[in-house]
Every structure is written in C-alpha cells, then in structure tokens.
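Structure at a glance
What follows is each chain in one-letter form.
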Amino acid sequence: MSDEPQPQQPHPGWAQKEPQAAGEGPTGGPGAPGTPGSPADSGKAKKPKRPRRTGWRRLIPTWRIVLSTVVVGLLLIVGGFFLGYQLVQIPPANALATKQSNVYLYADGSVLARDGEVNRESVGLAGISKDAQHAVLAAEDRDFYTESAIDPGAMVRAGWNTATGKGKQSGSTITQQYVKNYYLGQEQTVTRKVKEFFISIKLDREKSKSEILEGYLNTSFFGRGAYGIQSAAQAYFGTDAKDLTAAQGAYLASLLNAPSQYDVVAHPENKPAAEARWRYVMNGMVDKGWLSPADRAAATFPKPKQSTVSTNMSGQRGYVVNIVKSYLTENGIVDEEELGRGGYRITTTLQKDKQDAFVKAVDDKLISQLDKKERKVDTYVRAGGASVDPETGKVVAMYNGIDYVKQYTPNAVRRDFQVGSTFKPFVFTSAVENHSETQDGRTINPNTRYDGTSERPVQGWSGGRYAPENEDHHDYGHVTVREATDKSVNAVYAQMAVDVGSDKVKQTAIDLGLSKNTPELTPSPSIALGVATASPLDMAQAYATIANHGRHSTYTLVEKVMKDGKQEVDLPQRREHQAVSRESADTTTSVLRSVVEKGTATAAQAAGRPAAGKTGTAEEDTAAWFAGYTPDLATVVAVMGQDPKTAAHKPLYGAMGLARINGGGAPAEIWSQYTRNALEGEPVADFDLQLQDGADVTAPPSGDASDEPGDGDESGSSDPDDQPTGDEDGSGTDTPGDSGGSTPPGDSGGHESGPPSTGGGTPSTGGPSTEPGPTGGGDSGGDDSSNGGTGPGGGGDTTGAGGGDSDTTAGTVAGLPATPRRQ
C-alpha cells in the first residue's frame, strides 16, 4: 500500500467553486475524475437534455408520431383489405329469377290488379349487336375493357357530389353494377357497398370482361318491365338485340339512367331530356372510335313503339297500376327499379263500389251513345275523371279510358286540355280571400255588379288591350257576379281577374290544389277564362278544397304498402292546411250552387243531393268539363276529342249524334249518375256555409230575359248554326291597340268558321301532336299519345271555331295566351 496520501472524495453538497485548468483534476493533477483516461470516464459524456416544448408547439405531433400513425394506418388498411377479401365470398344469384308479382288492392282489401311478370330473355354476347354493346359502354363505362373492376376516383367523386348536394350519383363501374344486379340487391347501405367492392374485385379475377358485360346486359332494367337488353329491344322496337342499330342501342342505353322517365311514349314531355341523353351516348361512341362521324351525323333519334300490355291489365286496371306506380316513385316511397322487382302488396285508396259506379256512368251516358262505324267523330271521343273525398284528400275513384289495352293514355291525369270556365270559381275565391275591390272601389261579392258587355276592354291592365268576347257577342249589361257565374260571362271574369290581381289568382289556384307547374297557368287576364291545362285529378283536388271549407289535403292514392308480406313501407305523413279562409270557400260554394240550380249545370240536379259546380268547354269543342261536389264528394268529369292515330286534339261537333258536346251535357250527366250511385245509402248532407258579409242576400236579377241559359249549355243555345263566332269564355284574339273587334274565326288559322251540321266533317284544330300515341285494336282506333302531345293552336293560331264550346288557346295576344271563345 502506498504511503502517498489518497485523494479524498468530496462529501455531499460539495461543489467546485473555481474552474479547473485544462487537464487537471480536482487537485490539479492528471488522472482526476472526468479527465480523459480517468476511471470515472467509462463512456461518452452525457448530452444536454432537449428543452421541453411549450405553448402552441405542444399541439403539433412530432415526426415520429406522424410516421407511426401512417405506418399503422397503412397496415390496418392492408390488413382490412385482405381480411375482407378472404371473408366476402361470391354469393349465389339473387332471387330475381323467382321474382314475385306486385299486388294492388282496393281500399277494402279486394284485389284490383297484379303485375310483375318477369319480362326477360337472356342472350349471349353474340346475340347483341356491337352497336348496342358500344352504346351501353358509352353510356355507363367507356373504359370498361381497360380499367379495373372498381374506380376509386369515380367513387370518391360520386360521394363528394352527393354530399355537396349535386344529386345522388353513382361511382360504380359496369362490374359493380352487375354485381349489384345479379348477386346483391338495390339497398343503399354501407354493408352492401362493401360486399359489392370485394365481390367485384374477385369477379374481375375469375371472369372475363366479355362475360361480365354479357351478364350486365342480361340483368339490367330498361323500363316497361323489361329485364335484359333482348326484352328491351322487343319492348321498345319490336326487334331482337342482335339487330339493334346504333341509334336504337343508344336509346336503350339512355334508359339505364332513368327507365320510366326517358320512355318518350309514356312521358312525351320528357323527350328533350331523353334526346339530350341519347346525344351524349352517340357522341361518346364517336369519341371512342366505335361510330364514324358520318354515321353519327346521319343518325336520328329513334321512335319507340307503343308499349305492349298483357290482357291482365285491361279495363281500368292498367291505368290504375301505372298511376299508382308513378305516385309511389315520384313521392320517394319505393324506388322504381325495386318496385319492378316485385314483392309489394299495395293497398290503394280506391273504393271498388265507387270505381265501378264511375265506369258504369261513363258507359251509360257516353260510350253507349257512340256509333263509331257511322260517325267518324265518335272515334275521337275520350273520357277522364277523378273523384276525391274532400275531408281526407283520398282519391276514391278514377276513370281513364275505355280500356288500357286499347287506349294507353291515362285521361284522369293528362295535362293537355284546357279547363275552360271550370277555372272561373278560383278567380272569385281569390277575390273574397284577398278582400278585393272593383276599379271604382266596391268590394267584390256575389252581388257586385259588373259591365258584361262583350269585347269590353279590361280596365287597369297594363299589358295591352284585352277585350274578350262573350258567347255570340252577347251583351249582358250590368250583371251581378252570381249571374255572371251562372252564364259564364267572360267580360266580367276577365275584369275581375285584373281587379284581384292575376298573380294572386294564380296563387289561389295553386293553394287550392293545382300544380305550380300546370301548363299555361300564367298571371294575366286570360287566366280567368281557363287557358291552363290542368288534369281532371288536379281539378278534383282544387274543388275538394273548396268543398272542405278551404282546407286542403294533398291527394293520396295509397293507404298501405307491404314488402314481402312482413315489412311495412313508410308513407308520407298526411298534410292538411287552411289554403283559403272558410268564408272564401263557402261563399264560392253558394255561387256555384246557383249554377246547378238555375245556370248551365241543371243536369247535375239528377244526383238528388245538394250540389255545387261549374261547366266548362274547350275551344272548338275539343273538350267539355263539369267540376262539381256535394258535401261528401268532389268529382270532375271531362269528355275530350283526340285523333287515335295522330293524337291531335279534335272537335266533337256531331259526336253522339248531337250538334256538340258541352259541359252541361254528357259530363254533367255522368257526374250526376256517378254521384247518385256512389253515395247511395249514405245520409243526405246539406252544405254548412259561413258566407262573406252580404252574400246571404241575393240581389235581384238584371231582368234581361235573353240571359237565360239554353238546354243546359253555356252557350245559351243548342243550335250551332246560331253561333257562328265562338265562346262565352272570350276569344282573347284582339291585337293590342287594335281599335277593331276580335279576329273573326278562321281568319288566321285556316279553320272552318263554324261547326258542321250533325254528322258532317270536323274542322281541323291545327297541326297534329308531335308525339302521336300508340295505335291499338278495338273500336277505339288505338291509343292516343300519353299526355296528349301537342294540343291545338300551336304556331300562333288565334282562331276559334264558330259555335265551338271551346277553351284551348291558339297563339298569343299582347304576350297573353289567346283566350278561348266558349265556356
């Protein structure tokens, strides 16, 4: 042991106070702790600690955290993908091959109709023309042969567009759509989309592109109940899929986007949209080199044939089924394609006894009076009507045509014939509702007197001179509103529309039940004379609102929907509101009761119940209307004239062997028989009215004996030879600023100036419909185009047929639709 003194360890708490010289230990000598080579220096010197992050920097993850998160996320995604790929197996085909029928029931549960027969014939890809194949690819998936089974970019884009309100869109490839059609269902769930994703990937590995395309073309829904392109080719063009042209294939490919809406026979109003889609497909074929520019330039939009219908849809059944289907899909209750797959049990609001009573009334009062062999005009006759429970808004009966197999167009819901003077009550209702006054400050009520001079210029209208004529240019002098309604004095109601404000009149009509999209529902003086083309069902809704003291219930056709006998489908909640005040509605009812008691609708008294209503007739007698109601039932009946081959509106002079058909004739007679039988056994209810001040007292009549209506017709005469100029609805054919009278009938449209004698020919109503209806068998001469196509008077025709009980417009005057001449 060395005798040298050993260095002492500093005791706790000791600290070196002076800095040490380089290379010196605590005692100044070499080898001191902490110096190189000292025993205490067994490793590297400790690094100084990183300062702790403070403030906002603490919120930012470090690169280690970010990297770890990304790595873990990728591992989860990859693991999830492989797990899903292993777990999701390709299932057997879905139950479409054993598709059920849809069953439609009356309100009492009895069967109304069955549909849902599978219309499908599978063919190989060789049995489908190349043009048709390419058209479908151009429409649905242009990169099908080069892309993978899924398109993530398209899926993200579709999801973003849907989320941002640009419409519900699909990002599916043809492979995904085929998987959905053949293996899965149409439900919009995350589970189904996940399965579709993995099955598509597997299928793309196990089947060729041609096999997948073949399967897709054989399972897709094209409308008209057609599953697969072979059935669609037959349903729309009466040809096989192997013979489809590029134009025809492009049309069928367009249907995949909206099967029923792009059927231009069933929905001619959607033809512009269908043509736009067709052009998109044709241009896509050119872009991909599948169609030459020369062939594209020579191609024209193909015209599908009339839909063929099985006989189990005959009578009223086919009409009702299609109307109910549209109701379900348009209200978002059931998807169209899902409905087409079947399995639904649909209870309608239609009551069998009332439905049968409606059909019998039309047969007794109209159809049985026709002689189609002896009178050509009788082949033009069509009838439509709808009946609504005023309290509930339920449609209890409809009449659409003699037979769905023979006449395809549903007349109860078509919107191409003007409603004529059945619109006038809406003007008066609006006057009471808005507390309107005449130009000289008098409150408008049933006893307010107006100047009923024919062709009297409307006062207070800034849109140019407007002077509608009365029937036969009859001057009524100063008459009360009640008398003017009884006799449909056009001069009075055109002025009243301006006094109220035609924009307010339009809004009142919409509030009562007319669609805001009703054609020709334009705010102008002519609105009062019925230039709008609403359907019988539209009008029945509006009159039901008046009958229900101004409370409006949105009409409904469906009571209950069941899927597969166990799952009840949610229906929209019933909506009811006070559309107009009770005073406004009830005062209108009091005025319309007078029309039935002593006006143009005395035939309605045969119902044997208190009734109110209004007659109306279209220009050149192309349609005659009666809209009426009791406290329990609101019903509208229209008799229409349409060429069965061209779908052009036709006058009904001489129909039924009569000089003409007017609203107070067959329509009112049908209404009265139907109402009497439909309400048979039910207590007779009287109107409970709360009237506008002063409306309970009836002012004395004008005292003009010549004002009495004649033979139940609005014209005041039943002899067409005595009525060379037209309509009590007013012509509206005066040119703004023209100091002369109205345009004489026939001067501008080339029409006959007066009605022919009974049994004679019928005057032309102008050009034929742009969408002629389907032709069919039977005495009907075939079908009319759905929704009637183009009505008379296109191209600015401003004539009226002499003596015609008419309301359709024929051109424009001072920016207004030319008004009808008759009631």
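Coordinates for the structure precede this section.
Overview of the structure. (Residues numbered from 1 in each chain as written. Predicted model: local features only at pLDDT ≥ 70, side-chain atom pairs only at ≥ 80, totals over all residues. Heavy atoms only, no water.)

**Things to note about the overall build of the chain**
Across its full length, the chain holds 20 helices and 18 strands. A burial count over the chain gives 53% of its 823 residues as buried. Expressed as a percentage of contacts within the chain between residues at least 6 apart in sequence, the contacts between residues at least 24 apart total 73%. (Helix = DSSP H or I, 4+ residues; strand = E, 2+ residues; numbered from the N terminus. Buried < 20%, exposed > 50% of the residue type's maximum accessible area, 1.4 Å probe, protein only. Contact = heavy atoms within 4.5 Å.)

**Some words on the pattern of salt bridges**
Scanning all chains against the criterion turns up 22 salt bridges. The shortest N-O distance in the salt bridge between Arg-277 and Glu-140 comes to 3.6 Å. A residue pair is termed long-range when its members are at least 10 positions apart, and Arg-277 in helix α9 (residues 271-287) and Glu-140 in helix α2 (residues 130-140) qualify at 137 residues. For Arg-277, a relative accessible area of 15% translates into the label buried. (Salt bridge = Lys/Arg side-chain N within 4 Å of Asp/Glu carboxyl O.)

**Overview of the nonpolar core**
The biggest cluster of nonpolar side chains holds 123 residues, and the ones touching the most others in it are Phe-423, Phe-426 and Met-496. In this structure, Phe-426 is in contact with Thr-508, Ala-509, Leu-512, Leu-514, Met-539, Ala-542, Tyr-543 and Ile-546, ignoring residues within four places of it in sequence. Residues Leu-125, Ala-226, Ala-258 and Leu-291 belong to the second largest nonpolar core, which totals 44 residues. (Core = buried A, V, L, I, M, F, W, Y, C linked by side-chain atoms within 4.5 Å.)

**Side note on the pairing of strand β2 (residues 111-115)**
Where strand β1 (residues 102-105) and β2 come together, 4 bridges link them in antiparallel fashion. Following the sheet pairing, Leu-105 is matched in β2 by Val-111. Hairpin geometry of β1 and β2 is characterised by an intervening segment of 5 residues between the two adjacent antiparallel strands and by a positive phi of about 95 degrees at Gly-109. (Pairing = 2+ DSSP bridges.)

**Points about the packing of aromatic side chains**
One pass over the full model with this rule turns up 16 aromatic pairs. Here Phe-423 and Phe-426 contribute two aromatic rings whose centre-to-centre distance is 5.0 Å and whose plane-to-plane angle is 75 degrees, an arrangement assigned as edge-to-face. Both residues of the pair, Phe-423 and Phe-426, belong to the buried class. An aromatic cluster is defined as three or more aromatic residues linked by ring pairs; in this entry it consists of Tyr-236, Phe-237, Tyr-251, Trp-278 and Phe-301. The ring of Phe-144 is capped by Lys-209, whose NZ or CZ atom sits 4.7 Å from the centre of that ring. (Phe/Tyr/Trp six-rings, centres within 6.5 Å; stacked < 30°, edge-to-face > 60°. Lys NZ or Arg CZ within 6 Å of the ring centre and 35° of its normal.)

**Focus on the sheet that holds strand β7 (residues 395-399)**
Strands in a sheet are paired, the pairing made by backbone hydrogen bonds, and the direction either parallel or antiparallel. Judged by pairing direction, the sheet is antiparallel, and its 5 strands sit side by side in the order β7-β6-β16-β15-β14 without closing on themselves. Every other strand in the sheet has two partners, leaving β7 and β14 (612-617) as the edge strands with one partner each. With direction set aside, neighbouring strand axes in the sheet form an average angle of 5 degrees. In the packing of helix α18 (residues 536-547) onto the sheet, the strands contacted are β6 (381-388), β7, β14, β15 (623-629) and β16 (634-641), and the crossing angle to β6 comes to about 35 degrees. (Axes fitted to C-alpha atoms, helices over the stretch in contact; angles between N-to-C directions.)

**As for unusual backbone geometry**
The phi angle of most residues is negative, glycine excepted, and most peptide bonds adopt the trans form. The phi dihedral of Arg-224 falls on the positive side, at around 55 degrees, and the residue is not glycine. Secondary-structure assignment places Arg-224 in the loop between α6 (209-219) and β4 (226-227). Residue Glu-520 is not a glycine yet carries a positive backbone phi of 65 degrees. If you trace the backbone, Glu-520 turns up in the loop between α17 (502-512) and α18.

**A word on helix α7 (residues 229-237)**
Side chains three or four residues apart in an α-helix point the same way, a direct result of the helix having 3.6 residues per turn. Buried residues dominate α7, accounting for 8 of its 9 residues. The complete set of buried residues in α7 reads Ile-229, Gln-230, Ser-231, Ala-232, Ala-233, Ala-235, Tyr-236 and Phe-237.

**Considering the sheet that holds β2**
Taken in spatial order, the 5 strands of this open sheet run β2-β1-β5-β11-β12, and their pairing is mixed. The open sheet has two free edges, formed respectively by β2 and β12 (567-568), since each of these has just one partner strand. In the sheet, strand β5 (residues 344-348) pairs with strand β11 (residues 558-563) via 5 bridges, with the strands oriented antiparallel. By the bridge assignment for β11, Arg-345 is matched with Met-562. Against the sheet, helix α11 (residues 317-330) contacts β1, β2, β5 and β11, and its axis sits at roughly 75 degrees relative to β2.

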